Each structure stands twice: as C-alpha cells, then as structure tokens.
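# Structure assessment
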Amino acid sequence: MPSKIKQDHSRFREIIRGKIKENLRKYIQKGEMIGKKGKDLITIPVPSIDIPHFRYGHKEQGGVGQGDGAPGTVLGPGAVEQDGKGKAGQGEGQHGLEVDLSLDELAEILGEELELPRIESKGKKNLTSPKVKYSGVHNTGPESLRHFKRTYKQALRRSIASGTYNPKRPIIVPTREDKRYRSWRVTALPQSNAVVIYMMDVSGSMGDEQKEIVRIESFWIDTWLRSNYKGLETRYIIHDAVAREVDRETFFHTRESGGTMISSAYKLCKEMMVADYDTGSWNIYPFHFSDGDNWSADDTRACVTLLKNEVLPKVNQFAYGQVESPYGSGQFIKDLREAFEDVENVALSEIANKDAIYQSIKDFLGKGS
Amino acid sequence: MNENKDTRLPPHLHDIQREVEGYARAFGLDFYETIFEVLGYDEVNMVAAYGGFPNRYPHWRFGMEYEQLSKGYEYGLSKIYEMVINNNPSYAYLLESNMDVDQKLVMAHVYGHVDFFKHNFSFAHTNRKMMDEMANHATRVRRIIDRVGIEPVESFIDRTLSLENLIYQHAPHFAPKVRKDPGAPEERIEVRGFKYDREYMSGFINPRAFLDEQRKKLEDERAKSKKFPEKPERDVLLFLLDHAPLERWEADIVSVVRDEAYYFAPQGQTKIMNEGWASFWHSTIMTTRALKDSEIIDYADHHSGTMGTRPGVINPYKLGIELWRHIEDRWNRGRFGKEYDECDDLRARRAWDKKTGLGRKKIFEVRKHYNDITFIDEFLTAEFAAEQKLFVYGFNEKGNRWEILDREFQKVKQKLLQQLTNFGQPIIEVVDGNFENRGELLLAHRHDGVDLRVDYAKDTLGNLQALWRRPVGIVTRVDGKGVLMRFDGRDHTDRKVDF
C-alpha cells in the first residue's frame, strides 16, 4: 500500500479506536450490540466520522427522484440517500461505517482501557507440548514414508512427457527423482488450558436486570480470558437451595424461586474441579454472582470452609460479584471480606448497576493472576 | 506516486488512446493534453481518496475515504472506473485490471470531461496547475506539523473543514474587493447643494430642509460603511482570514482549506452537466466509432451500470446524458422558439420536425455558458420530466418512511432547482463582526424553507468560536420561529429573535 495513505489510514483507525475506547463504558452496558459472528469476528457499527457543517436538517428536505410509482408509493429502505452528491475528496457520507474488530482486538482494547495486566504465565501450566502432523510431501525422505500414489503419478507424468509411455503396455518404473515422501511438521499444542466456572444465584430475588448484568460482565470476562488462553472452557452452575450444572442458554435465562444455599454451588464446583480439571494442567477461574442473601449464617460458614480448604488452593483466582437487588441483604460479601481479607487469589466486587460493570471487571481481572 | 512502477500506458493502450483521441477531436471536442496513467486498484483507491491528487496534506479523512473505497472494492460492491483531474495537462487514471473495452470507454468519457473543464465558464477561474498547488499545500501543512505537532494541526484542520462550505461559490467571477485602510482618518461630511452663482439665490436653490436631507443621506451612508462588514459577507472563511486573530500557521491552514474548497466548488456546480456531457460523448464515440463487434455486450453492460437509477436518488450521469440528448434533439428538429412554444396542438408538437439540424452546435454552446442550475432551469421541459419519470418525494412523518409526493412538472422542477440552490448548502453570511459592540461574530442563515440541522449547527458554532476566539452566534429559523444560537466558548444559548 502506498505509504502516504497508510499514515492517514492508521490515523483514522486510531481515531476510530479512540472512539471505541471513549465509549467503552457504553458498549459494555449494551452487551447486545456485540454479536459473535462466524468464528470470532464481530462487527461493531461505528459511524464514520462526520465533520459537522451548517447543513440542512435531514428529513424535512426531500428531493427529486426518478422511477415508476404513483404519489404515495413508498420508496424502499435505502432508496433515499441524501448527500449523494460530492465527488471523492469532498465526500461527507452520513452512513455508518462498519469497523471490524476481531475478539482479540476487542480484548486488547479492553485490556488497554482497563489497564488490565496480561495474565502471568504459571510456569509449568503454560507449557505447550509438540505434536507431529503429516502435512506435506517432499522429494527426499526415508523409504518407510514413501508416498506410493504420488510417486507413481510423478513417474507417469515423466514417462508421458518424455514419450516413453505406451498405453498398450502401461508399465511405469519410478526413478529416484520420481519418489515422493510424506513430510511432517511439528506444531505446539497448548498443554494447559483454562476453565471458567460461572456460578449464579437464581433464587427469587435475582431479577432480570441482575441477570443482564451478569450476562454482560461474563461476556467481557470471557473475551479477556480467551485472549490470554488458547483454549478456554466454560462451565455453568446455577443454584438456589440446590445447585446443578446447566448449559449457557439456561444459565442466563432460568429464573427459579426459593431460598439460597450458596454452599451447594461451591460444593458442586469443587466436585467439578476434582472430576475434570486436574490442577496441574488447568488454570481455573470460578466466578460467582449472587445478590448476597444467603440462607443462614451456618451455610455461610460452610462456604468459607469449602473455599478455604477445597477451592482456593486449586484455582488461579476465585471471584465473587455481588449484584445489588432490592431484596437481598447483601451480607454475604461482608462475610467473605472478613474471612479472606488478605488472601491473594480472591477478588470481590459489588456491582450496583450497569455502570458499575466497568469497575467490577477491573476488580476481577486487575490482579493479573 | 509509486516511483518504482511505470504507470505509463502500455503500447496497446497507447494505440487505443490515439484512436479515441482522434475520434474525440473529429467530433469537435477540444481538450487539454491528457495524460493517462495505469494504476492498480489500491493505488486508484488511494488517489481517489485524495480527491484525484497524488499529493495532499496529511489528514485522517483521506484515510477514512480510502478505507471506504477499499472495503467497497474488496467486497465487490463498488469500483472506481474513471477519475480525471481538472488541470493542464489533465491527468486521468485507468484501473489496471479493466478490460480494454472499459479503458476505451473511460478514455472517451475522460475527453468529454476535459473538454468541459476547459470550456465551461464555471471553471474559468480554477487553478489549472492545481496538481502543483496541492503538492505545495501538502508541503506547507507538513512543515507546520513539523513545527507545531500533529495534534494541534489536525484538530485545527478539523475545525476549519467544519467551515469549508462557508464560501461564496461565485466569488471567483468578481473582481477582488478593494480593502479600505481602517486607520485612515475620517473625512468631514460636507454637504454641497446645487451650484449657484448669485449669493442671494442660495436660500431658494438649496433650502435648509433640502440640505438637511442631503446631510442625513450622507451620514447614513457613512454609518453603513462603518458597519463591519459593510455588506453581508458570504465568504466566511475570507472574513476569518482578514479579521480573526489567527496565528500565522492557523491562517495558513485556513487559506489552504479555502483554496481547495474554491477549486472543488465548480465540480459541484456542474455535476449533472459535466457527467452528462462526458457520458454523452463516451456513448457517441463508442457506439458510432470505437466499438468492435465483440465488445458490444460488455460495453452495454457497463454503460447501463453507470446509468442505473434508484427511486430516491438522482443519478447525475443519467439525468445529464438524457438532458443533453433532449437538447440536441430539440434543436435538430427545430423544437424551440416562439412558434413551437405557442403551438397547442399536441399532435403537431409531437410530429414537429423542421430539420434545422442545429443540435450539435447548440450543445457545444450550452456546455460553455451554463451551470447545473441554469441548465435545468432552461432546458428541463415538461415533456422531458414526464419521459424521465421524475417525481418529488418527501418524508412521511406518520408512516416514518419516504414516499413519492407528486409528479407535477412545476413542483418537480422547483424542487430540483431548490436542491441545487447554492449547490445544496444553506446560504450563510457574516452580518456583523462586532455584534452588540462586543467583538462577537454574528452569522445569518438566509432561511429558504428548510431548517438547519440544529445539533450540527451547534457543533459548527463551536468550531467557529475556536477560530474567532470571541463568542459567536447565528440567527436562523427553527420551526418557523427566529432563533439566535450563540456559543461563548463554554455554553450554548438560544434566544428568540425576530428574523
């Protein structure tokens, strides 16, 4: 690309990205604006930058068009384009320009904006193991890897080209130059992966708004962790008085009623870790969201014990987010705070409303562990 | 542009160029020497992003333009066929990957444009060495950036661009104003009555009342000339250059932006004529001379692509070419003048053919002396509007949608002309540079039935204020009521006024 325009272009991209950065809070709030499309490309419609002028108001204006139809005929969407005039160079489009961001770029912006530290490598856990894959063909190699079909094809090609091929007596003898061998490449497969275990309180006191907050926040947490780990698994647990594992869809849409026993969720989480995620090769991130209204002080004590003895030693970080709700007492976070005052790998955050998500993500991911 | 690459025409295109140029001259087109360059799509996009000039000052909006063009091309949505610069010699760009038949078409089209640039009166005062001028602008701005830094310069350019449409498009056709020296001492007002040579007659020849009247007249005139500006000034950028407390580099940038705005303005004033004229000639040259049998399908495909219309948009290529053909046809058959205009017999009108054969002569004349407004005003006839199915559309607030409103000729024509008035820009002028005797700048919007977009107007005021330093305001009408919008550098205020 010619370099002059490159400068202008990257300048423009910077501004666009700056725009995204400034409005990041807004994006985080409107989680629905971000859709995953295809594998990992998402499209955020960002208006192209429009320098303001003294200009006519849009809808009053109307204009002259060309085509069939009686008065009253509706012009289809996209048929009307104000500002169609103006040659290149004086263009001033009023139309949205799509800025494609991959999830990686988005995570990068998120990281930059929230000043999140990259997650530190955990020594052995982030080792990758080499894997051999046969992926190509070479013309040298050990006989044991000779590619029979390719070799004969090559020989056939040579004999036809040199005119020695006789269709009536199709005998082909490969020479040294015809021989083809399989070749391999060594790829690094991450040996260790990360798993996020989301737990959510779905008791009667958690309303739609609270769940929306959880959903948005978990999207951004996902995005960030995914950019730090090659493979990321997610598991979902919902609980009221009892806990069970569910799929993503159910996780965000279930509404149960009844009491709250948080220990049930932590117990299930512990079992899950024991069964599927060997501490040696997995980075484990449990996130728990609740309105902080536990059933009894006894259960809270049980929670603390469970966390202290079973969960915390095995995970990179345990995070608890308390969503404010009109019903909850919000006691739980205070209890946790008391119990884990100085514990390194516990992150606690109170999320009063959607605006607080921003700060909360920082609380959770700001430690870089 | 790319020093490593030979952008000259390859031999076979060179031959095509010679051939097409020959046809164009034989038809009577008269153009500057035209240099064709062959570029890859990425370079074409770049040059197009720069408005056709390989050298422009650095600014992100060119990057934005480039991104839009590149995306359009990469997703197969749009492709730039033709680009030509009003310059002597003219430069035109061909897309490397086009078929030869396209290149032929583009060349024929380009010769139409260059002929138009050379002869249409709107371009008479444009700088024909703009290629060099743009490069100079680029150097000037780069130097300023080296000195002041990219951030302040870019922000200042943004602000200035926000005002770039506040020029007076017709200004180049007038002699420059004589500027008065503001420090010159005021002359005493002396009222001279009629001459008389007998002293005793003076009271009769110049009675007291008459002298007073004369004195008042002179005083009024003096007061008027003290007004600042004397007459409302349409060229707001010029006014700022002359009177705003700009730093030197800031003034430099304002004048760069203003020069370029004036250079591009005639292209906006003649869009329909110019594209129509070029299309008329590519169509004429291709179909009567240059096309080979094997090329007809591709030609027809691409020509019709250019001429395609959508209901809510006027395609200047289509409207232009049809109007040129319409004019040629009318003058070929003598469908003009008193006799024709007064003929009420529809059948006679339809069959009217005096075999005058003046069509070609007429269109060459028209391409010299008209711009889009006068072109439409004079030559868009009721027959033509019906034939081309023109209509007026508007926004239906209830249905929240755009609808066809009317097909009546007068309304169509009026709307079209209104759209073209001041070339689609609201008319705004400086009325007072010392508003309320506080050094504030007051603009007025000559309201012609359509309100300004208020949020934009406020942001624009913000930019204006940054240049003027003192508070600025604009009087306009919003929803039928006069409003003075004012910005003092911190807050926006609206005040009701009679306007």
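Here the structure is a predicted model, which is why all the values come from computation and not from measurement.

### So, the overall build of chain A
- A count of helices and strands for chain A gives 10 helices and 12 strands.
- Of all 369 residues assigned to chain A, the portion counted as buried reaches 31%.
- Here the analysis covers contacts within chain A between residues at least 6 apart in sequence; of these, 79% occur between residues at least 24 apart.

### Focus on the environment of Tyr57 of chain B
Residues and elements named next belong to chain B.
- Structurally, Tyr57 can be placed in the loop between α2 (41–49) and α3 (60–74).
- Taking the number of C-beta atoms within 10 Å as the measure of exposure, Tyr57 has 24 and is therefore buried.
- Taking the C-alpha atoms as reference points, Tyr57 and Thr139, 82 residues apart in sequence, are found 7.1 Å from one another.
- Aside from chain neighbours lying at most four places away, what touches Tyr57 is His137, Ala138, Val141, Arg142 and Val256.

### Let's talk about the pairing of strand β11 (residues 318–323) of chain A
Residues and elements named next belong to chain A.
- By the criterion of burial, β11 is predominantly enclosed, with six of the six residues buried.
- Residues Phe318, Tyr320 and Gln322 point to one face of β11 and Ala319, Gly321 and Val323 to the other, with burial holding for every one of them.
- Pairing geometry for strand β10 (residues 282–290) and β11, over four bridges, is parallel. Its bridge partner being in β11, Phe289 is matched across the sheet by Gly321.
- Read from β10 through helix α8 (residues 297–311) to β11, the crossover connection turns out right-handed.

### With respect to the interface of chain A and chain B
- Each partner contributes residues to the interface: chain A has 47 residues there, and chain B has 64 residues.
- Among the elements of the structure, α1 (3–22) and β3 (63–66) of chain A are those that each provide at least two residues to the side of chain A that touches chain B.
- The dominant element in the side of chain A that touches chain B, judged by the number of residues it contributes, is α1 of chain A, at seven residues.
- Considered class by class, the residues forming the side of chain A that touches chain B number 18 nonpolar, 20 polar and nine charged.
- As paired strands, β3 of chain A and strand β4 (residues 390–396) of chain B are joined by four bridges and run antiparallel to one another. When the sheet's bridge partners are listed, Gly65 of chain A is paired in β4 of chain B with Phe391 of chain B.

### So, the packing of helix α9 (residues 236–243) of chain B against helix α10 (residues 248–269) of chain B
Residues and elements named next belong to chain B.
- Where α9 contacts α10, the axes come no closer than 10 Å and their chain directions differ by 160 degrees. The angle between α9 and α10 falls in the class roughly antiparallel. Between α9 and α10 the crossing geometry is left-handed. Where α9 approaches α10, its residues Leu237, Leu238, Leu240 and Leu241 are matched on the opposing element by Ala251, Val254, Ser255 and Arg258.
- Here the residues of the contact of α9 with α10 are counted per class, giving six nonpolar, one polar and one charged.

### Details of unusual backbone geometry
Residues and elements named next belong to chain B.
- A cis amide bond links Asn88 to the next residue, Pro89, at an omega of 0 degrees.
- Locating Pro89 in the fold gives a position in the loop between β2 (82–85) and β3 (90–95).
- Even without being a glycine, Lys355 presents a positive backbone phi close to 50 degrees.
- Here the phi dihedral of Glu436 falls at roughly 55 degrees; this positive angle occurs in a residue that is not glycine.
- By the secondary structure assignment, Glu436 is in the loop between β6 (427–435) and β7 (440–446).
- Taking the C-beta count within 10 Å as the criterion, Glu436 has 10 such neighbours and is therefore assigned exposed.

### Regarding the sheet that holds strand β7 (residues 193–201) of chain A
All names here are of chain A.
- Taken in spatial order, the six strands make up an open sheet running β9-β8-β7-β10-β11-β12, and their pairing is mixed. Each having just a single partner strand, β9 (243–246) and β12 (346–351) make up the two edges of the open sheet. Between one strand axis and the next, the sheet turns through 20 degrees on average, direction left out of account.
- As paired elements, β7 and strand β8 (residues 232–239) share eight bridges and run parallel to each other. If you follow Tyr198 over to β8, its bridge partner there is Tyr236.
- Helix α5 (residues 208–228) rests against β7, β8, β10, β11 and β12 of the sheet, and its axis sits at about 175 degrees to β7.

### Let's talk about the sheet that holds β6 of chain B
Residue and element names in this part refer to chain B.
- Taken together, the five strands give an open sheet; going across it, the order is β6-β7-β8-β9-β10, and neighbouring strands pair in mixed fashion. Either end of the sheet is taken by a strand with one partner, and the two such strands are β6 and β10 (492–496). Each strand of the sheet is rotated relative to its neighbour by a mean of 25 degrees, with strand direction disregarded.
- Inspection of the sheet shows β6 paired to β7 by six bridges, in the antiparallel sense. When the sheet's bridge partners are listed, Glu429 is paired in β7 with Ala444.

### Description of the nonpolar core
- Ranked by internal contacts, the top residues of the largest apolar core, which has 119 residues, are Ala108, Tyr111, Val236 and Trp281 of chain B.
- A total of 10 residues in this core trace back to one element, the largest contributor, which is helix α4 (residues 100–119) of chain B.
- The residues contacting Tyr111 of chain B, other than those within four sequence positions of it, are Val20, Glu21, Ala24, Leu29, Phe31, Thr34 and Trp281 of chain B.
- Counting residues in each nonpolar core, the second largest holds 53 residues, with Ala243, Ala265, Phe289 and Leu365 of chain A among its members.

### Remarks on the confidence of the model for chain A
Residue and element names in this part refer to chain A.
- Of the residues in chain A, 73% reach a pLDDT of 70 or more, and the chain-wide mean stands at 74.
- Across residues 20–47, where pLDDT falls below 50, the model places 44 contacts with residues more than four positions away in sequence or in other chains.
- Every residue in residues 82–99 is under pLDDT 50, and counting partners more than four places away or in other chains gives 40 contacts.

### Some remarks on helix α7 (residues 262–276) of chain A
Residues and elements named next belong to chain A.
- Helix length check: α7, at 15 residues, gives a terminal C-alpha distance of 21 Å against a target of 21 Å (1.5 Å per residue), a fit within 8%.
- Every buried residue of α7 is accounted for by Ile262, Ser263, Ser264, Ala265, Tyr266, Leu268, Cys269 and Met273.
- Tucked into the core, α7 has its buried residues touching β7, β8, β9, β10, α8 and α9 (331–339).

Cut-offs applied
- Residues numbered from 1 in each chain as written.
- Chains lettered and ligands numbered in written order.
- Predicted model: local features only at pLDDT ≥ 70, side-chain atom pairs only at ≥ 80, totals over all residues.
- Helix = DSSP H or I, 4+ residues; strand = E, 2+ residues; numbered from the N terminus.
- Buried ≥ 20, exposed ≤ 12 C-beta atoms within 10 Å, placed from the backbone.
- Contact = placed C-beta atoms within 7 Å.
- Pairing = 2+ DSSP bridges.
- Right-handed = clockwise from strand over helix to strand, strands pointing away.
- Nonpolar A, V, L, I, M, F, W, Y, C, P; charged D, E, K, R; others polar.
- Axes fitted to C-alpha atoms, helices over the stretch in contact; angles between N-to-C directions.
- Parallel < 35°, antiparallel > 145°, perpendicular 65-115°, else oblique.
- Left-handed = near helix turned anticlockwise from the far one by under 90°.
- Core = buried A, V, L, I, M, F, W, Y, C linked by C-beta atoms within 7 Å.
- pLDDT = per-residue confidence, 0-100.
- Expected span 1.5 Å × (residues − 1).

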